[in-house]
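Structural description and commentary
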Amino acid sequence: LLMRNSRVKIKADILACNEIADDATLEALLAVMQSTIATILVEGTHDPSKPAVDFMEHAELDGKALKSHSWFEKGFPKEVPLRYIVDLVQVIEAAKSELKIKLQ
């Protein structure tokens, strides 16, 4: 599991990035990540010590690789290993919830 201080820092970084800290963007990212996790589990061929971003950047959203979206390049955590991708989804869900509260 990601350590609590890592979770807090990642969530703060996501919320601080104007390009990614948008409800619709985070919702789309979460959908792509959940689909990608299913692929990772089925294939089982990915090195869990590699950064999750190396795998996620090739996932597609609206017919384009995530790496071609400026918000992904600027706001997606680069240091999180693939083995923690489920934790990362939880952190992004928490950021999305916090963003909704701030917007109310």
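None of these values were measured; they are calculated from a predicted model.

Turning our attention to the overall build of the protein chain. The secondary structure content of the protein chain amounts to 5 helices and 2 strands. Counted from the first residue to the last, the protein chain has its helices and strands arranged as α-α-α-β-β-α-α. If one aligns the C-alpha atoms of the protein chain with their principal axes, the spans along those axes are about 40 × 35 × 20 Å. Evaluated residue by residue, the protein chain yields a buried proportion of 40% over its 104 residues. Counted over contacts in the protein chain with a minimum sequence separation of 6, partners at least 24 positions apart contribute 71%.

As for its placement among the helices and strands, A31 is situated in helix α2 (residues 23-43). It is 21 Å that separates the C-alpha atoms of A31 and A16, two residues lying 15 residues apart in sequence.

A few words now on the pattern of salt bridges. Scanning the model with the defined rule gives 6 salt bridges in all. A salt bridge links E27 to K96; the shortest N-O distance between them is 2.9 Å. Of this pair, E27 sits in helix α2 while K96 sits in helix α5 (residues 85-103), and the two are 69 residues apart along the sequence. What makes E27 partly exposed here is its relative accessible area of 42%. On the basis of relative accessibility, which here comes to 10%, the residue K96 falls in the buried class. Overlapping salt bridges bring together D23, E27 and K96 as one network.

On to the environment of A16. Here A16 lies in helix α1 (residues 4-16). Exposure remark for A16: the relative accessible area of 60% places this residue in the exposed category. Along the chain, A16 and I37 lie 21 residues apart, while their C-alpha atoms are 25 Å from each other.

This part is about the environment of L30. Mapped onto the elements of the fold, L30 is located in helix α2. Distance in space between the C-alpha atoms of L30 and V89 is 6.6 Å, their sequence separation being 59 residues. Every residue in contact with L30, bar those within four places of it in the chain, is listed here: V89, I92, E93 and K96.

Tallying each qualifying case throughout the model produces 2 aromatic pairs. An aromatic cluster is built from W71, F72 and F76, whose rings are joined through pairwise contacts.

Conventions used here
- Residues numbered from 1 in each chain as written.
- Predicted model: local features only at pLDDT ≥ 70, side-chain atom pairs only at ≥ 80, totals over all residues.
- Heavy atoms only, no water.
- Helix = DSSP H or I, 4+ residues; strand = E, 2+ residues; numbered from the N terminus.
- Buried < 20%, exposed > 50% of the residue type's maximum accessible area, 1.4 Å probe, protein only.
- Contact = heavy atoms within 4.5 Å.
- Salt bridge = Lys/Arg side-chain N within 4 Å of Asp/Glu carboxyl O.
- Phe/Tyr/Trp six-rings, centres within 6.5 Å; stacked < 30°, edge-to-face > 60°.

In short, the description is geometric, and any link to function would need to be established separately.
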